[in-house]
Amino acid sequence: MERTGLDTSAALITLIAASIRRERERVGLSLTELAKRAGIAKSTLSQLESGAGNPSVETLWALAVALGVPISRLIDPPRPHVRVIRAGEGPVTHSERADYAATLLASCPPGARRDLFRIDAEPGEARVSDPHNPGTMEHAIIGRGRALVGPTEGPVELGPGDYITYPGDVPHVFRALEPQTTAVIVMEHV
């Protein structure tokens, strides 16, 4: 039986709800304290943990930083040893400020310190990321289109096949300059 986008979205929201609650309890934070550290309303966090919310990528990043975990720990479902993610599939989070979608392709297994994302972006508002956990580095390679990528103080224009690495623990940006821009981003965590 084929899953619809609605089924997949509901499953992801349920997974995110359980993951946020699990990680909050693991570090011993109350709803109030986590909401304060993440800079979101307690009511928003309560809705997310109950599975009633649909968090943006910005909200998930804020929660991940406040919890001291990679974002993938909040959105990555359990996986088999061999995993294929077809184009258009996988857990997707969307920006609330830009036409930007990040699909988690692989997360850090125990002992590893990296996450892998496929980015699909359209021209318009830039996706500006707040600093991630200290020591985070990002690596990006453009698959199609053109984009400005890197620290907000000096992003670099990249085209197909171009690669950049930059600190992810400072404000940084991804801005598509052409329609249907795609990229792969690897995040290294220390």
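Residues numbered from 1 in each chain as written. Predicted model: local features only at pLDDT ≥ 70, side-chain atom pairs only at ≥ 80, totals over all residues. Heavy atoms only, no water.

(A) Representation of helix 3 (residues 42-50). Turning to helix 3, its buried residues are Leu-45, Leu-48 and Glu-49. Summarising the axial view, the buried residues of helix 3 lie within an arc of 95 degrees, below the 170-degree limit, and thus occupy one face. With respect to the buried face of helix 3, the exposed residues turned more than 90 degrees away are Ser-43 and Ser-50. (Buried < 20%, exposed > 50% of the residue type's maximum accessible area, 1.4 Å probe, protein only. Helix = DSSP H or I, 4+ residues; strand = E, 2+ residues; numbered from the N terminus. Arc of directions from axis to C-beta.)

(B) Region of the structure containing the pattern of salt bridges. Evaluation of the coordinates by the stated rule reveals 9 salt bridges. Put simply, Glu-58 and Arg-97 hold a salt bridge, and the shortest N to O gap is 3.6 Å. With Glu-58 in helix 4 (residues 57-67) and Arg-97 in the loop between strand 1 (92-94) and strand 2 (100-106), the pair connects residues that are 39 residues apart, well separated along the chain. The closest approach of N and O atoms between Arg-118 and Asp-120, which form a salt bridge, is 3.7 Å. In this structure Arg-118 comes out as buried when scored by relative accessible area, which is 16%. Several salt bridges share partner residues, and in doing so they unite Arg-22, Glu-23, Arg-26 and Arg-73 into one network. (Salt bridge = Lys/Arg side-chain N within 4 Å of Asp/Glu carboxyl O.)

(C) Fine view of unusual backbone geometry. Positive phi, close to 55 degrees, is recorded for Gln-180, a residue that is not glycine. Position of Gln-180 among the secondary structure elements: in the loop between strand 9 (172-176) and strand 10 (181-188).

(D) The packing of helix 2 (residues 31-38) against helix 3, seen in detail. Between helix 2 and helix 3, the least distance of the axes is 9 Å, while the angle of their chain directions is 115 degrees. One finds that helix 2 runs roughly perpendicular with respect to helix 3. Helix 3 is crossed by helix 2, and the crossing has right-handed handedness. Facing helix 2, whose interface residues are Leu-31, Thr-32, Leu-34 and Ala-35, helix 3 presents Lys-42, Leu-45, Ser-46 and Glu-49. Each residue belonging to the contact of helix 2 with helix 3 can be placed in one class, and the counts come to 4 nonpolar, 2 polar and 2 charged. (Axes fitted to C-alpha atoms, helices over the stretch in contact; angles between N-to-C directions. Parallel < 35°, antiparallel > 145°, perpendicular 65-115°, else oblique. Left-handed = near helix turned anticlockwise from the far one by under 90°. Contact = heavy atoms within 4.5 Å. Nonpolar A, V, L, I, M, F, W, Y, C, P; charged D, E, K, R; others polar.)

(E) Geometry of the sheet that holds strand 10. Read from one edge to the other, the open sheet built from 6 strands follows the order 1-2-3-10-5-8, with strand pairing classed as antiparallel. The open sheet has two edge strands with one neighbour each: strand 1 and strand 8 (163-167). Mean inter-strand twist for the sheet, computed between neighbouring axes without regard to direction, equals 25 degrees. Across 8 bridges, strand 3 (residues 114-121) lies against strand 10 in antiparallel orientation. If you follow Ile-119 over to strand 10, its bridge partner there is Ala-183. (Pairing = 2+ DSSP bridges.)

(F) Representation of the packing of helix 2 against helix 4 in the model. Look at helix 2 against helix 4: their axes get within 8 Å of each other, and the N-to-C directions meet at 115 degrees. It follows from the interaxial angle that helix 2 and helix 4 lie roughly perpendicular. The handedness of the crossing between helix 2 and helix 4 comes out as right-handed. Contacts between helix 2 and helix 4 pair Leu-34, Arg-37 and Ala-38 from the former with Ala-62, Leu-63, Ala-66 and Leu-67 from the latter. Of the residues contributing to the contact of helix 2 with helix 4, the split by class is 6 nonpolar, no polar and 1 charged.

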